[in-house]
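# Descriptive analysis of the structure
Chain by chain, the residues:
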Amino acid sequence: MAGKKKAVPKQRRRGVPDKTLKGPLSLEEATPAESEALRETQPAKDFPIVGIGASAGGLEALELFLKHVPQNCGMAFIIVQHLDPTHKGMMVELLMRSTPMPVCQVRDRMAVEADRVYVIPPNKDLSILRGVLH
């Protein structure tokens, strides 16, 4: 067998799409239904995501912080506050008074966007993967 080279299988690199897959590879090429699925699997555009943790008494500090953040700062803010899980969360309504940025409560599989504030729902755990909240 001298002189013959062994065929070595090509290895796929992580993050490199397989050319045999069908469908769009970017949001620009996608139909509306496909773009929603892509948003859930593609990383968000590059921008800082700031995680802020606070205890039950941290509302005043959060309000003061958000009052001083410019509306178009190019960052996303995810707020995780320790609260009694049996109480209805009013954090979204309270923080909306402090910033012109949209403030919303996190829903599962919500894509993170810049210039927004996200608040953990009561009695939930929160994680982020590839720019999507879970």
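You'll find the structure just up there.
A few points on the structure. Owing to the predicted nature of the structure, the values given are computational and were not obtained by experimental measurement. Chains are numbered independently. Their residues run from 1 in the order of the written sequence. Local features are withheld for residues below a pLDDT of 70 in this predicted model, meaning they are given only at 70 or higher, and side-chain atom pairs are given and counted only at 80 or more; totals for whole chains, interfaces and linings count all residues. With hydrogens and water set aside, each side-chain value is computed from the structure's full complement of heavy atoms.

## Points about the nonpolar core
- The biggest cluster of nonpolar side chains holds 14 residues, and the ones touching the most others in it are Leu62, Ile79, Leu95 and Val117.
- Listed by contribution, the elements that provide at least two residues to this core are strand 1 (49-54), helix 2 (59-67), strand 2 (76-81), helix 3 (91-96) and strand 5 (116-119).
- A helix here means a DSSP run of H or I that spans at least four residues, while a strand means a run of E at least two residues long, and both kinds are numbered starting from the N terminus. At three residues, helix 3 tops the list of elements feeding residues into this core.
- Only heavy atoms matter for contacts: two residues are in contact if any of them lie within 4.5 Å across the pair. If we skip the residues at most four places from it in the chain, isoleucine 79 touches Ile52, Leu62, Leu66, Leu95, Val117, Tyr118, Val119 and Ile120.
- The criterion is simple. A nonpolar core is a set of buried Ala, Val, Leu, Ile, Met, Phe, Trp, Tyr and Cys residues joined through side-chain atoms within 4.5 Å. Remark: exposure states derive from per-residue accessible area (1.4 Å probe, protein chains only) relative to the maximum for the residue type, with buried under 20%, exposed over 50%, and partly exposed in between. Formed by eight residues, the second largest nonpolar core is a distinct cluster that contains Ala76, Ile78, Tyr118 and Leu133.

## Describing the environment of glycine 53
- On the secondary structure map, glycine 53 appears in strand 1.
- When the C-alpha atoms of glycine 53 and glutamine 81 are compared, they prove to be 5.6 Å apart, with 28 residues separating the residues in sequence.

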